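Listed here are the chains, written in short residue letters.
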Amino acid sequence: MSDRITLDELAGLMKKAAGITVTPERLKEHADGEFGELGIDSLGMLGIVGELENRFGTPLDLDMEACRTPREFLDRVNSALPAGA
Amino acid sequence: MMSEPRPRRAAVTGIGVVAPNGTSTQAFWKATQEGISVLDRVTREGCEHLPLRVAGEVRDFDAAATVEERFLVQTDRFTHFAMAAADLALDDAGLGQADTAEAPYSVGVVTAAASGGGEFGQRELQQLWGKGSRFVGPYQSIAWFYAASTGQISIRRGFKGPCSVVASDEAGGLDALAHAARAVRRGTDVLVTGSTEAPLAPYSMVCQLGYDALSTVAEPDRAYRPFTASACGFVPAEGGAMLVVEAQASARERGARVRATLDGHAATFTGAARWAESREGLAQAIRGALDEAGCAPEEIDVVFADALGVPEADRAEALAIADALGAHGRRVPVTAPKTGIGRAFGGAPVLDTAAAVLAMEHGLIPPTPHVFDICHDLDLVTGRARAAQMRTALVLSRGLMGSNSALVLRHGADHAS
């Protein structure tokens, strides 16, 4: 499933879109903690989603209220991405 | 009936400067009192071809060295300056994170902005028209905005007291300080206040090209010479200053040094580029500031002039000083150190206020670089700094859109007991 977004890629997006440096290891440990605790605000999340939408060329219809943690976010992004995207 | 509350005096306890001639208060004062000019040809990328040739650029500022990356990506250069200057001012006031974290609701922020985040905005607008709306970053919604520096300083330092922004032109820099002083009188203990600007990116610079008052002279030593027969407009600059303003009594209680007090302020409006009318407006602002400070004209020991560099505006300012101060207006030393660094819009009068505090502390009036042969009836300090005992200073500012402001401040040691 190479089209799935990984924690590694999410860490890269957090750095690019919100200026937050988090190692993939730390992100893995924090997978069930809230993004806010990592220093990401709602605009930062919007930036990450925008990056993904541009990368895949498709709007992601995400319920951001249900994406408070890295795990929730990745689960929903990966199921929202079209198969084989 | 409630008893009349004792008025709380607003004291300056910290100064933080990010200016073309220095990115610390010490470096700024050294260059200012020595009359060193740093006006130079514009070097910012994308600006070389524009008819604005000379500016005051802040060249030795490394935002990443003082501000965390998560705040840098969200903000424009003008807010980078503001966060750095706020850190310097709080440090100078001896207020660390732990001190303010104990009482976050007692610390507020007031800034002024005349130009906003032009460089950030330009980058995102280029994305919009180059690639499409999906490529505009979400932080565009806040980074360009006039209130960005107030918001980001308060978020970054965890301040929860009264926060506001003054968007009233160049003179807004003084209005912000006055607003902070009023907040102190109303009961907030500490205000971080001032103005920083970053108007030297291509988009922002093009916006300024329409100003008749802008100097397009290419020689740095001839581009900005107010109060002379060769006055040819003003040179813009970036940077500015932030001050810590707090209730004098509580400042003394915690052992902070009261460097000056903000005692009087007034503002008027006389219309965009109507310089002849600014005579009456500025004179009225001076009278109002003196009145609030309970200060007689003869008590003013130094005037930091607006010094726009447009002959009609210079004449109006010289006459306003004479109108408001009477015969004393021809004797009082007047200076305009901004001729060595340019006018940083809202930041300019805050830098002048910082210089006024430092001048009173050092007993030294800084000179007005590049200016000789005054053609107005003013005792303008030129050439070298002049030694003088000063207790009270008057700072003047006008904006291109018609705002006039005056601020009276007194030396902190003046009422130590």
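Residues numbered from 1 in each chain as written. Chains lettered and ligands numbered in written order. Predicted model: local features only at pLDDT ≥ 70, side-chain atom pairs only at ≥ 80, totals over all residues.

A. Seen up close, the nonpolar core. If you look at the biggest cluster of nonpolar residues, it comprises 128 residues, and the most contacted ones within it are B:Ala85, B:Ala89, B:Leu177 and B:Val245. No fewer than three residues from each of domain 1 (10–253) and domain 2 (262–412) of chain B sit in this core. Judged by nonpolar contacts, the second largest core, of 18 residues, contains A:Phe35, A:Leu38, A:Ile40 and A:Met45. (Core = buried A, V, L, I, M, F, W, Y, C linked by C-beta atoms within 7 Å. Buried ≥ 20, exposed ≤ 12 C-beta atoms within 10 Å, placed from the backbone. Domains from an automatic or database assignment.)

B. Broad picture of the domain arrangement of chain B. Residue and element names in this part refer to chain B. By domain assignment, chain B separates into domain 1 (10–253) and domain 2 (262–412). Taken together, the contact pairs 62 residues of domain 1 with 57 residues of domain 2. Every element with two or more residues in the side of domain 1 that touches domain 2 is listed here: β1 (10–18), α1 (25–33), α9 (172–186), β6 (190–197) and β7 (239–247). With 7 residues, α9 is the largest single contributor of residues to the side of domain 1 that touches domain 2. Looking at the side of domain 1 that touches domain 2 residue by residue, the classes come out as 35 nonpolar, 19 polar and 8 charged. (Contact = placed C-beta atoms within 7 Å. Helix = DSSP H or I, 4+ residues; strand = E, 2+ residues; numbered from the N terminus. Nonpolar A, V, L, I, M, F, W, Y, C, P; charged D, E, K, R; others polar.)

C. View of the packing of α9(B) against helix α15 (residues 347–362) of chain B. Residue and element names in this part refer to chain B. Where α9 contacts α15, the two axes come as close as 6 Å, and the packing angle between them is 60°. Taken together, the axis directions place α9 and α15 in an arrangement best described as oblique. Contact residues: Gly173, Leu174 and Leu177 in α9; Gly347, Ala348, Pro349, Val350 and Thr353 in α15. Of the residues in the contact of α9 with α15, the class split is 5 nonpolar, 3 polar and no charged. (Axes fitted to C-alpha atoms, helices over the stretch in contact; angles between N-to-C directions. Parallel < 35°, antiparallel > 145°, perpendicular 65-115°, else oblique.)

D. Local environment of the interface of chain A and chain B. Taken together, the contact pairs 11 residues of chain A with 10 residues of chain B. Sorting elements by how many residues they give to the side of chain A that touches chain B places helix α3 (residues 42–56) of chain A first, with 6 residues. Classifying every residue of the side of chain A that touches chain B gives 4 nonpolar, 6 polar and 1 charged.

E. Structural view of the sheet that holds strand β15 (residues 403–411) of chain B. Residue and element names in this part refer to chain B. Taken together, 11 strands build an open sheet; the order of strands is β5-β4-β6-β7-β1-β8-β15-β14-β9-β10-β12 and the sheet is mixed. Since the sheet does not close on itself, it has two edges, and those belong to β5 (163–166) and β12 (379–380), each with one partner. For strand β4 (residues 107–112) and β6, the ladder comprises 5 bridges, and the chain directions are parallel. Each bridged residue has a counterpart across the sheet, and for Val110 the counterpart in β6 is Thr193. Running over the sheet, helix α8 (residues 148–157) touches β4, β5 and β6 and is turned about 155° from β4. (Pairing = 2+ DSSP bridges.)

F. Looking closely at the pairing of β7(B). All names here are of chain B. Within β7, 9 of the 9 residues are buried, leaving the element largely enclosed by the surrounding structure. In terms of strand pairing, β6 meets β7 through 8 bridges, oriented antiparallel. In the strand pairing of β7, Thr196 is matched with Gly240.

G. Region of the structure containing the pairing of strand β14 (residues 392–398) of chain B. Residue and element names in this part refer to chain B. Along β14, 7 of the 7 residues are buried, which leaves the element largely enclosed by surrounding structure. Residues Thr392, Leu394, Leu396 and Arg398 point to one face of β14 and Ala393, Val395 and Ser397 to the other, with burial holding for every one of them. Judged from the 3 bridges that link them, strand β9 (residues 302–304) and β14 form a sheet pairing that is parallel. Opposite Phe304, over in β14, you have Val395 as the bridge partner. Note: β14 against β15, 7 bridges, orientation antiparallel. Bridging across to β15, Leu394 finds its partner in Val408. Counted between consecutive antiparallel strands, the loop separating β14 from β15 contains 4 residues, among which Gly402 sits at a positive phi close to 115°.

H. Broad picture of the environment of B:Asp169. One can find B:Asp169 in the loop between β5 and α9. For B:Asp169 and B:Leu400, which are 231 residues apart along the polypeptide, the C-alpha to C-alpha distance reads 7.1 Å.

I. A look at the environment of B:Gly194. All names here are of chain B. Positionally, Gly194 belongs in strand β6. For Gly194, a count of 36 C-beta atoms within 10 Å translates into the label buried. Residues Gly194 and Arg134, spaced 60 residues apart in sequence, show a C-alpha to C-alpha distance of 35 Å. Apart from residues no more than four positions distant in its own chain, Gly194 is found in contact with Ala85, Thr111, Ala176, Gly240, Ala241, Met242, Leu243 and Val350.

J. Local environment of the packing of helix α4 (residues 77–92) of chain B against α8(B). Residues and elements named next belong to chain B. At a minimum axis distance of 9 Å, the contact between α4 and α8 shows a crossing angle of 45°. Judged by the inter-axis angle, α4 sits oblique to α8. Relative to α8, the crossing made by α4 is right-handed. Between α4 and α8, the residues in contact are Phe78, Thr79, Ala82, Met83 and Ala86 and Ala148, Ser149, Gln152, Ile153 and Arg156, respectively. Grouping the amino acids of the contact of α4 with α8 by side-chain chemistry returns 6 nonpolar, 3 polar and 1 charged. (Left-handed = near helix turned anticlockwise from the far one by under 90°.)

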